[in-house]
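Listed below are the residues making up each chain.
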Amino acid sequence: MRCPFCQNPTTCVVDSRAPDTGAIIRRRRQCPACGKRFTTFERVYLALPYIVKKGGGRVEYDREKLRSSMLIALRKRPVSPDRLDEAVDRIEQKMMLSGEREIRSSRVGELVLEALRDLDTIAYIRFASVYFNINDPEAFAEMIERAARDRADRRKAAEGDVFSVKDDEAVE
Ligand SMILES: [Zn+2]
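These figures come from a predicted structure and were not determined experimentally.

Asks: Go over the overall build of the protein with me, naming the residues and quoting the values.
Replies: A count of helices and strands for the protein gives five helices and six strands. N-terminal to C-terminal, the α/β element order of the protein is β-β-β-β-β-α-α-β-α-α-α. Here the protein holds 172 residues, and the buried ones make up 12% of them. Of the contacts formed within the protein by residues at least 6 apart in sequence, a portion of 44% connects residues at least 24 apart.

Asks: Tell me about the sheet that holds strand S5 (residues 58-59), residues and numbers included.
Replies: In space, the three strands of this open sheet follow the order S5-S4-S6, with mixed pairing throughout. The outermost strands of the open sheet, each flanked by one partner alone, are S5 and strand S6 (102-104). When strand S4 (residues 50-52) meets S6, the two strands line up parallel, connected through three bridges. Bridging from a neighbouring strand, Val52 pairs with Arg104 of S6. Packed on one face of the sheet, helix H3 (residues 105-119) meets S4 and S6 and runs near 70° to S6.

Asks: Run through the confidence of the model for the protein, naming residues and quoting values.
Replies: For the protein, the average pLDDT comes to 86, and 89% of its residues sit at 70 or higher. Taken element by element, the predicted model of the protein shows its lowest mean pLDDT in helix H5 (residues 137-171) (74) and its highest in helix H1 (residues 63-73) (95). Segment residues 164-172: pLDDT under 50, and zero contacts once partners within four positions in sequence are set aside and those in other chains are kept.

Asks: Can you lay out the nonpolar core for me, pointing to particular residues and giving the numbers?
Replies: Grouped together as the largest cluster of nonpolar side chains are 15 residues, with contacts concentrated most on Met70, Ala73, Val112, Leu116, Ala123, Tyr124 and Phe127. Of all the secondary structure elements, the ones that give two or more residues to this core are H1, helix H2 (81-97), H3 and helix H4 (121-131). It is H4 that provides the largest number of residues to this core, a total of five residues. If sequence neighbours within four positions are ignored, Met70 has contacts with Leu84, Val112 and Leu116.

Each value, and the rule that gives it
- Residues numbered from 1 in each chain as written.
- Predicted model: local features only at pLDDT ≥ 70, side-chain atom pairs only at ≥ 80, totals over all residues.
- Helix = DSSP H or I, 4+ residues; strand = E, 2+ residues; numbered from the N terminus.
- Buried ≥ 20, exposed ≤ 12 C-beta atoms within 10 Å, placed from the backbone.
- Contact = placed C-beta atoms within 7 Å.
- Pairing = 2+ DSSP bridges.
- Axes fitted to C-alpha atoms, helices over the stretch in contact; angles between N-to-C directions.
- pLDDT = per-residue confidence, 0-100.
- Core = buried A, V, L, I, M, F, W, Y, C linked by C-beta atoms within 7 Å.

Given below as structure tokens:
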């Protein structure tokens, strides 16, 4: 790292501190030429992949665009902006961890569907009806039924987890 005071091309790390939480590492550096000290913060940066559209075009990922498409589905639903932002964070995390430089827009749609399914069933149904281009009442009713069944199943599974923990404790 170049010294910000005298532009000397190298500086030495005199102290390095990794925090318990978060991914930012604080480094104390000293310039061997001018002797001045300064602090740098280092964080992991993973690039988000490009979005490949259905027609084959490539566009840069746009967090605001993704967020606002979810916001439309969540209109008047009891989900706080914080929870929405966390959901967007998790979607981005999944996109980054794929390690791919490109991701199909349909895959992004699936990630949004998964996130909305966990956030709010009504928002999920709204988004899914547009995403799957559902335009007849029967298909729509079927989708709602499936979403409701899905939610009941997941709720049951979650309860099952709680009970199995209790059972383990009872054994001990
Ligand atoms: Zn210097």
